Amino acid sequence: MASNKNISPYKLIYAVVNFGKGSEVLRIARENGISGGTILLGRGTVRSGLLNFFALYEIRKEIVLIVANNRNAKSLLETLDRDMMLDRPDHGIAFTVDIQEVEGSKELGCNSLQEGRGEKEIMYQLITVIVDRGKAEEVIDAATEMGSKGGTVINARGSGVHERSTLFAMEIEPEKEIVMIVSKKELTQTIVNKIREKLRIDEPGKGIIFIQDVGDAYGLLK
């Protein structure tokens, strides 16, 4: 039997849904004993000839981030899958990644016991790429060349001391784009290598990439 001593007691739940559906995710979370969450605005990318013809290939998305213990996270994903019909195309995706420790939450601090679930085979991974604004499409293009189905883009800004420029003698921090791509594990390294090559990630200031294992996942195309 696999040992569970290294199993994370918490999960970070990602729910990527169409614009306006984030509040529904939070409502379902409350009904499953989870209070609180954060909604980020982003855009999804699809590869459809018809949508591209009409310049509609970018679709507004809401990314809901929720931290929960293992038991509540599993229950929430199953409920989201059922109530929001994630098995249907374009209804959204929901998945989890491990968190080892949570600070600043009394509610979660009382639920730090591990659930005793054995190690689970990893089928998907989350590739997160942070690049300068305007480069997200290049990241998506590189990923789809290697078999990715697309990704989700979030606007952000950097604060690195070597990434600042000046305008009228004032320092400004360049805007960034965060690209999230969920890939099959066997495709991850190929996708990452292509992004590194195309975006020249290994050069200073070009961006960063990190990879996380995905636990339970719903709404992903097989």
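See the structure shown above.
Since we're looking at a predicted model, the values are computed, not measured.

Focus: the environment of Ser183
- As for its position among the elements, Ser183 is in strand E9 (residues 175–184).
- Spatially, the C-alpha atom of Ser183 lies 8.2 Å from that of Lys149, the residues being 34 residues apart in sequence.
- Setting aside chain neighbours within four positions, we find Ser183 in contact with Met123, Tyr124, Gln125, Ile127, Thr188 and Ile191.
- At 2.7 Å, the side chain of Ser183 forms a polar contact with the side chain of Thr188.

Observations regarding the nonpolar core
- Among the nonpolar cores identified, the biggest contains 19 residues, and Ile13, Val25, Ile66, Leu76, Leu80 and Met84 are the most heavily contacted of them.
- When residues of this core are traced back to their parent elements, those giving at least two are strand E1 (10–18), helix H1 (22–31), strand E3 (58–69) and helix H3 (70–83).
- When near neighbours in sequence (up to four residues on either side) are disregarded, Met84 contacts Val17, Lys21, Glu24, Val25, Ile28, Thr79 and His91.
- Membership of the second largest hydrophobic core comes to 16 residues, among which are Ile127, Val129, Ile140 and Ala142.

Describing the pattern of salt bridges
- Here the structure, examined in full by the defined rule, presents 15 salt bridges.
- Two residues, Glu175 and Arg133, come together in a salt bridge whose shortest N-O distance is 2.2 Å. Linking Glu175 in strand E9 with Arg133 in the loop between strand E5 (124–132) and helix H5 (136–145), this pair joins segments that are 42 residues apart in sequence.
- Among the residues examined, Glu175 registers a relative accessible area of 42% and is labelled partly exposed.
- The exposure class of Arg133 is exposed, given its relative accessible area of 52%.
- Across the pair Glu145 and Lys198 runs a salt bridge whose closest N-O atoms are separated by 3.5 Å.

What counts and how
- Residues numbered from 1 in each chain as written.
- Predicted model: local features only at pLDDT ≥ 70, side-chain atom pairs only at ≥ 80, totals over all residues.
- Heavy atoms only, no water.
- Helix = DSSP H or I, 4+ residues; strand = E, 2+ residues; numbered from the N terminus.
- Contact = heavy atoms within 4.5 Å.
- Polar contact = N/O pair within 3.5 Å; in protein donor to acceptor, adjacent residues only side chain to side chain.
- Core = buried A, V, L, I, M, F, W, Y, C linked by side-chain atoms within 4.5 Å.
- Buried < 20%, exposed > 50% of the residue type's maximum accessible area, 1.4 Å probe, protein only.
- Salt bridge = Lys/Arg side-chain N within 4 Å of Asp/Glu carboxyl O.

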